[in-house]
Protein chains: 2
Amino acid sequence: MAATDRNRVFLLAERPTGTPTENCFELTERPMPTPGPGEALVRTLYLSVDPYMRGRMRDAESYAEPWAVGEPLKAGVVGEVVESNGANLDPGDVVTGDLQWADYATAAGPALTKIDPDSAPISTYLGVLGMPGTTAYFGVNEVARPRAGETFVVSGAAGAVGSVAGQIAKLNGAHVVGFAGSDEKIDFIENELGFDHGINYKGTDDYGAALARAAPDGVDAYYDNVGGPITDAVFGHLNVDARVAICGQISTYNATEVPTGPRKLGTLIQTRATVQGFLFSDFSERMDVATRQLASWVQSGDIGYRETITEGLENAPDAFMGLFEGENIGKQLVKVADGED
Amino acid sequence: MAATDRNRVFLLAERPTGTPTENCFELTERPMPTPGPGEALVRTLYLSVDPYMRGRMRDAESYAEPWAVGEPLKAGVVGEVVESNGANLDPGDVVTGDLQWADYATAAGPALTKIDPDSAPISTYLGVLGMPGTTAYFGVNEVARPRAGETFVVSGAAGAVGSVAGQIAKLNGAHVVGFAGSDEKIDFIENELGFDHGINYKGTDDYGAALARAAPDGVDAYYDNVGGPITDAVFGHLNVDARVAICGQISTYNATEVPTGPRKLGTLIQTRATVQGFLFSDFSERMDVATRQLASWVQSGDIGYRETITEGLENAPDAFMGLFEGENIGKQLVKVADGED
């Protein structure tokens, strides 16, 4: 049973115009939920904030269903089962699932995946072993497809997805270049993760020149999390038969007017490059394979990761908004409670 | 032997800034060329002007080598062999090849392809059976890949490439929509070629609304010859797993500053669409297959075509410049001489 009958839940208070502000989030107290038949009550330990959530704040059809104003926000959560009402789980089990931004939430048994807290830190199931890591795995191996000796470039390179993408490309034998937004991030990807070159895009006005130095043989594969001028620069350096994987476009998510930029489709004719968007969910049937491979790489030290952890459910909006300021290195998480409590 | 020793040759007089003007072309008289060992002397009958030539006028590396200022322009030509110096051809043979904008030119035997003037009108080897037709063939079948019941959209739909692309998509069983720039062109593609819908983009300000009416189920495959706002509109209507084949971007070729437009890469994530550029030459090893298939479709009446023929070598620059004004319906040719002379 829950140690308290207090349950804090974040609601979408209003839809943002442009950059989300704290006015968009309302923290309410609600009665402790009761699991219905086949459901479990889960206590949130870690909550994930991710850039794609900006799309869910919009009142527009997208791949992720829009959040309703006045309704609870949802997120990837790692939590502990408090009570199972025929959900095929036991109290104390650690699970992951798409739950509310809340201290406690209920979910149907099949919507929760049991994880082994002894095999890896439980927080990693929201990062390197979770949606961001597996997105990187499939985006690199199925869409960008870097080969040994090729040059692979990733934007948002110090983030949850980009940091894993670059390392997988490196394991494939590619020359790996990452764009990130601070010297600390460049140090992280170059010296901790083994990228060949990091470009601090906040330290230069000429992304193309920086890229020409870091990728003198041109770009064979590009993994894009960011869009905008960085992507424009990379398009200017694509090699023949290059592959571009569009994973995210965070630079455009808060735009209040349609963002504009140079028209680049002509580049694709000369290079016969392929640009392809993809979603994590496209690969859901093979997710286990990716998770197991990533877990093995993490265990062997072939893949490193970092987490930026914000403490307290009440600070989840700050953690989310910080994503758009590039405040996180690696996976941004919110720690809501300790598992051993 | 040539009936005259006068040979007119067009040179690139200067590189254009923006839209090419007549100042870019210089018609000179040169001595009749003499075929060297292994070469033939060819009398030009038809000369092809194509949008890609705008790229050759630029002093920049591209897939087609830039033309040199003061040097002869080159083009696809259908001509008659006047003299063979061991080129494995006979006087009177009709050949096609990449020759000078000239009344007469020489070329090595292997650079000339003999054609059968009885199987199809010789001019079609520069159009529906030539580079434009085979480009459409491979672009549709290998890149855009429309399936039966899908919606296929083509821009530049009344041009040499687009008109063939739409008809091949129709043969594949797709619902075919074409963008073109006059009521006469719409009449041509709808009533002569059997497109399901034509959109006269000069008759509407809202391409997206026109497309929503013509393609109510969204766009599964897009064959782009044009770029710019038409392509922006199509990107707004792509279905999940759509394929976009980038063949040309004529709307941008004469730009003096980098053309800008709305950033559309985010659309690709939601739709998991693939955008791919390609070149005619990528498929050179299978060109015979395409030419034979197209010839059979033309003979059976499954594929119709039209030619816009400008008379006289001296008018070749006008014919070329007219491409950017959309003056041609179907393939734009220059008739330089009659075959039977």
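Residues numbered from 1 in each chain as written. Chains lettered and ligands numbered in written order. Predicted model: local features only at pLDDT ≥ 70, side-chain atom pairs only at ≥ 80, totals over all residues. Heavy atoms only, no water.

Another point: the interface of chain A and chain B. On the chain B side, the residues contacting the 35 residues of chain A number 35 residues. Remark: the boundary between chain A and chain B carries four salt bridges. The interface formed by chain A and chain B includes twelve residue pairs in polar contact (both at pLDDT 80 or more). Elements with a contribution of two residues or more to the side of chain A that touches chain B: α6 (228-235), β13 (260-262), α7 (265-271) and β14 (274-277) of chain A. The residue inventory of the side of chain A that touches chain B, partitioned by class, reads 16 nonpolar, 13 polar and six charged. Examined bridge by bridge, β14 of chain A and strand β14 (residues 274-277) of chain B share three bridges and lie antiparallel to one another. Bridge pairing in β14 of chain B places T274 of chain A opposite Q276 of chain B. (Contact = heavy atoms within 4.5 Å. Salt bridge = Lys/Arg side-chain N within 4 Å of Asp/Glu carboxyl O. Polar contact = N/O pair within 3.5 Å; in protein donor to acceptor, adjacent residues only side chain to side chain. Helix = DSSP H or I, 4+ residues; strand = E, 2+ residues; numbered from the N terminus. Nonpolar A, V, L, I, M, F, W, Y, C, P; charged D, E, K, R; others polar. Pairing = 2+ DSSP bridges.)

Quick look at the packing of aromatic side chains now. All names here are of chain A. Evaluated as defined, the whole model comprises 26 aromatic pairs over all chains. Seen from their ring centres, F179 and Y207 are 6.3 Å apart, and the 65° between their planes marks the pair as edge-to-face. Placement of F179 in strand β9 (residues 175-180) and of Y207 in helix α5 (residues 207-214) is noted, with a sequence separation of 28 residues between them. Given the relative accessible area of 0%, F179 is considered buried. (Phe/Tyr/Trp six-rings, centres within 6.5 Å; stacked < 30°, edge-to-face > 60°. Buried < 20%, exposed > 50% of the residue type's maximum accessible area, 1.4 Å probe, protein only.)

Take the sheet that holds β14 of chain A next. A sheet is described by the order of its strands in space; here twelve strands give the open sequence β10(A)-β9(A)-β8(A)-β11(A)-β12(A)-β14(A)-β14(B)-β12(B)-β11(B)-β8(B)-β9(B)-β10(B), paired in mixed fashion. Strand pairing shows two members of the sheet lacking a second neighbour, β10 (197-200) of chain A together with β10 (197-200) of chain B, which therefore form its edges. Across this sheet, the average inter-strand angle for adjacent strands is 15°, counted without regard to direction. In this sheet, β14 of chain B lies alongside strand β12 (residues 238-246) of chain B in parallel orientation, the contact comprising four bridges. Opposite I246 of chain B, over in β14 of chain B, you have G277 of chain B as the bridge partner. With respect to the sheet, α5 of chain A is in contact with β8 (151-155), β9, β10 and β11 (219-224) of chain A, its orientation differing from that of β9 of chain A by roughly 155°. Helix α3 (residues 160-171) of chain B rests against β8 (151-155), β9 (175-180) and β11 (219-224) of chain B of the sheet, and its axis sits at about 175° to β8 of chain B. (Axes fitted to C-alpha atoms, helices over the stretch in contact; angles between N-to-C directions.)

Screw-axis analysis of chain A against chain B gives a translation of 0.0 Å along the axis, an RMSD of 0.0 Å, and a rotation angle of 180°. Such a combination of turn and shift is consistent with a two-fold rotation axis. Considering only C-alpha atoms, the residue of chain A closest to the rotation axis is V275 of chain A, which sits at 2.5 Å. Comparing interface residues between copies, 100% of those in chain A also lie at the interface in chain B; the contact surface is shared. (Least-squares fit on C-alpha atoms with pLDDT ≥ 70 in both.)

Moving on to helix α2 (residues 131-144) of chain B. Here α2 of chain B lies mainly inside the structure; eleven of its 14 residues are buried. Downstream of α2 of chain B by one or two residues, R145 of chain B has phi in the positive range, about 50°.

With respect to the helices and strands, T252 of chain A occurs in the loop between β12 (238-246) and β13. Overall, the relative accessible area of 19% leaves T252 of chain A in the buried class. Remark: the alpha-carbon pair of T252 of chain A and G227 of chain A, spanning 25 residues in sequence, is separated by 7.1 Å. Residues within four places of T252 of chain A in sequence aside, it is in contact with V226 and P259 of chain A together with R263 of chain B.

It is worth spelling out the pattern of salt bridges at this point. All names here are of chain A. Counting across every chain of the model gives 29 salt bridges over all chains. Across the salt bridge formed by E192 and R306, the nearest N and O atoms sit 2.6 Å from each other. Of the two residues, E192 sits in helix α4 (residues 183-192) while R306 sits in the loop between α8 (287-300) and β15 (307-311), which places them 114 residues apart along the sequence. Of the residues examined, E192 reaches a relative accessible area of 46% and is grouped as partly exposed. For R306, a relative accessible area of 27% corresponds to the partly exposed category. A salt bridge links K335 to D338; the nearest nitrogen and oxygen atoms lie 2.6 Å apart. The exposure class assigned to D338 is partly exposed, which follows from its relative accessible area of 29%. The structure contains a network of salt bridges with shared partners spanning R8, D103 and E314.

Our focus in this paragraph is empty space enclosed by the protein. Unoccupied space between atoms shows up once a probe the size of one water molecule is rolled over them. By the definition in use, this model includes three cavities of 30 Å³ or more. In terms of lining residues, the largest cavity is bounded by 21 residues, among which P262 and K264 of chain A together with P262, R263 and K264 of chain B are the most central. Secondary-structure elements contributing two or more residues to the lining of the largest cavity are α6 and β13 of chain A together with α6 (228-235) and β13 (260-262) of chain B. Grouping the amino acids of the lining of the largest cavity by side-chain chemistry returns six nonpolar, nine polar and six charged. Looking at the second largest cavity, its volume works out to about 60 Å³. Lining the second largest cavity are T124, G127, V128, A160, S163, V164, Y305, R306, E307, G330 and K331 of chain A. Among the elements that make up the lining of the second largest cavity, the one with the highest residue count is helix α3 (residues 160-171) of chain A (three residues). (1 Å grid on protein atoms, 1.4 Å probe; cavity = no way out; pocket = protein on both sides within 12 Å on 5 of 7 lines; lining within 4 Å. Points joined across faces, edges and corners; volume = space filled by probe spheres on them.)

The next thing to look at is the confidence of the model for chain A. Per-residue confidence for chain A gives a mean pLDDT of 95, with 98% of residues at or over 70. For this predicted complex, the interface confidence reaches an ipTM of 0.92, while the overall pTM sits at 0.94. (pLDDT = per-residue confidence, 0-100.)

All names here are of chain B. Between α2 and α3, the least distance of the axes is 8 Å, while the angle of their chain directions is 45°. Comparing the axis directions of α2 and α3 gives the class oblique. Of the two elements, α2 crosses α3, and the hand of that crossing is right-handed. In this structure, α2 uses P132, G133, T135, A136, Y137, V140 and N141 to contact α3, whose residues at the interface are A160, V161, V164, A165, I168 and A169. The residue makeup of the contact of α2 with α3, split by class, is ten nonpolar, three polar and no charged. (Parallel < 35°, antiparallel > 145°, perpendicular 65-115°, else oblique. Left-handed = near helix turned anticlockwise from the far one by under 90°.)

Here we take up the environment of D59 of chain B. Counting through the fold element by element, D59 of chain B comes out in the loop between α1 (53-56) and β4 (74-85). Each C-alpha atom, one on D59 of chain B and one on P16 of chain B, is 10.0 Å from the other, the two residues being 43 residues apart in sequence.

A few words now on unusual backbone geometry. For D241 of chain A, which is not a glycine, the phi torsion comes out positive at approximately 65°. Inspection of the secondary structure assignment puts D241 of chain A in strand β12. Owing to a relative accessible area of 46%, D241 of chain A belongs among the partly exposed residues under this scheme. One non-glycine residue, R272 of chain B, adopts positive backbone phi at about 50°. Mapped onto the elements of the fold, R272 of chain B is located in the loop between α7 (265-271) and β14.

General note: in soluble globular proteins, nonpolar side chains tend to be found buried as a group. Core analysis: the largest hydrophobic core is formed by 118 residues, its most contacted members being L47, W101 and F320 of chain A together with L47, W101 and F320 of chain B. In this structure F320 of chain B touches P20, F25, V49, D50, M53, R54, M57 and W101 of chain B, once residues within four positions along its chain are discounted. (Core = buried A, V, L, I, M, F, W, Y, C linked by side-chain atoms within 4.5 Å.)

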